[in-house]
Amino acid sequence: MDIFRIEGPVRLSGTVNVNGSKNASLPIMAAAILAAGKSVIKSVPYLSDISVFGQLLCQLGCELDRSPNGDLCIDSDVIDNPIGEYDIVRRMRASICILGPVLARYGRVEVSMPGGCAIGDRPVDIHLRGLAELGAKIHLKNGNIVAEAPRGGLKGKDIFMGGPFGSTVLGTANVLMAATLAKGKTVIESAACEPEISDLANCLNKMGAKITGIGSPRLIIEGVKQLQPVEYQVIPDRIEAGTFMVAAAITSGKLHIQNCRLDDMMAVVDRLRNIGVTVEAAEGGCVVTRKGSIKPADITTQPHPGFPTDLQAQFMALLSLAKGNSIVIEKVFPDRFMHIAELNRMAANLRKEGPTVIVAGVKKLIAAPVMASDLRASAALVLAGMVAQGTTVVNRVYHIDRGYERIEERLNLVGAKISRVAEAS
Ligand code: EPZ
């Protein structure tokens, strides 16, 4: 397993380019299942999560190919094995989003129940409730979810998709994709409003679906008989963009972040400005600068358009150096705090009280060996390592490679000093 050796402190300056969104790419790859034929998806990043999901699509019967310019071609002409094996699902919970499209296309699907992960339980009860509302018969068999459409196919219905933590992103994706081929009209109330869901809906409409209310918590879908293969470019990755914004802020640097849509990131920009970071719109993205001290701020994560849970760990690293105390409340994944113990090893002063963390700002962080645990917590450790005094060693960087492409190369181009060392296995 590779490790990162990170020299600090550094000050980042220059231009970084944001890749296509991992969390838009995954459901859009699944949407290709709905239409027999060759779809081409552009700007799909080269990430381990993407390649694992690609393996799953191949298991279903699809053929995948990357063209030299990076376009991902998915030939879903043949879907002859509607089963998502545990071995893949346990590695990538987002595999659950084949449920809706395979059910709608094939009439039957088996997907391993995703287990828990570092950020907490990953229940799928709302996914299953939504598909059952469309007429699917669902039961559990040896840890697998088995869903079967009625003989006459799925039927549209008014469905409430809210849960104890608000909306569900992939639950909305599953039911939305299934509803495109259901008979009649479906209303999804309390739909996720994440930009990645809007991107999926726009892609589905380009395939011939009839979806309105895109971007709102109420999606209305008129079922159609068939969808067509599509050529589609995914949106930029707002979580990667937000991670770069924090990288500029935590190192009191200046980064021009290209290919980022500030319109999708208003809650993030609001908190950065509250912390004393300058964010200015610039051609194709923004320029992020931090000159003065880091001001303490309160952050509560919520479904979009609220503050994204996927940036909570990164902002906690930033606030650990604030002049004063901050409060971070995690309302989406209340256990998403694997980074606390590791940041405290670097002399941060973080105290967890249930889903709330009191962040007592310290003057500096001190380098230490730390353990990556989940994708975004690992990114927070890299950010902290760039500003800590000394050499920070981050173990298990495969967690980072799941969601950030060659992150050390891209940060080194703007002043970081990160070396990737293949650990003797
Ligand atoms: C998506 O996961 C993202 N993953 C996550 O990003 C992101 O953190 C999450 O949305 C929230 O924004 C992808 O898009 C691939 P949810 P998802 O269903 O859809 C509860 C990353 O770092 N819930 O919106 O699985 C659930 O427990 C990843 O890129 C139910 O109770 O998340 C959680 O508390 C990590 N029942 C809340 O809802 C359900 O049936 C939100 O989860 C489904 C979810």
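Not measured: the values here are computed from a predicted model.

Undergrad: Would you mind going over the environment of Glu133 with me for this structure?
TA: The topology assignment puts Glu133 in helix 5 (residues 125-133). For Glu133, a relative accessible area of 30% translates into the label partly exposed. It is 8.2 Å that separates the C-alpha atoms of Glu133 and Asp158, two residues lying 25 residues apart in sequence. Each residue touching Glu133, except ones within four places of it in the same chain, is listed here: Lys155, Lys157 and Ile159. Of note is the side chain of Glu133, whose polar atom sits 2.7 Å from the side chain of Lys157.

Undergrad: How should I be thinking about helix 9 (residues 266-274) in this particular structure?
TA: The periodicity of an α-helix, 3.6 residues per turn, causes residues three or four positions apart to be oriented the same way. Buried residues of helix 9: Ala267, Val268, Val269, Arg271 and Leu272, and no others. Packed against the buried residues of helix 9 are helix 8 (238-250), strand 16 (278-282), strand 18 (298-301) and helix 10 (312-319). Positive backbone phi, at 100°, marks Gly276, one or two positions downstream of helix 9.

Undergrad: Looking at this model, I keep getting lost on unusual backbone geometry. Mind explaining?
TA: Keep in mind that most residues, glycine aside, have a negative phi and that most peptide bonds are trans. With an omega of -5°, the peptide bond between Gly8 and Pro9 qualifies as cis. Omega for the bond connecting His304 with Pro305 falls within 30 degrees of zero, at 10°, which places this linkage in the cis form. The topology assignment puts Pro305 in the loop between strand 18 and helix 10. Here Asn142, not a glycine, exhibits a phi torsion of approximately 45°, which is positive.

Undergrad: Would you explain the sheet that holds strand 4 (residues 63-66) in this entry?
TA: Sheets are built from strands that pair by backbone hydrogen bonding, the pairs being arranged parallel or antiparallel. Across the sheet, four strands lie side by side as 4-5-3-14; this open sheet has mixed pairing. Two strands close off the open sheet at either side, each with one partner strand: strand 4 and strand 14 (231-233). Each strand of the sheet is rotated relative to its neighbour by a mean of 20°, with strand direction disregarded. Bridge analysis of strand 3 (residues 38-42) against strand 5 (residues 72-75) gives four bridges, and the strand direction is antiparallel. Directly across from Ser39, in strand 5, lies its bridge partner Ile74.

The rules behind each value
Residues numbered from 1 in each chain as written. Predicted model: local features only at pLDDT ≥ 70, side-chain atom pairs only at ≥ 80, totals over all residues. Heavy atoms only, no water. Helix = DSSP H or I, 4+ residues; strand = E, 2+ residues; numbered from the N terminus. Buried < 20%, exposed > 50% of the residue type's maximum accessible area, 1.4 Å probe, protein only. Contact = heavy atoms within 4.5 Å. Polar contact = N/O pair within 3.5 Å; in protein donor to acceptor, adjacent residues only side chain to side chain. Pairing = 2+ DSSP bridges. Axes fitted to C-alpha atoms, helices over the stretch in contact; angles between N-to-C directions.

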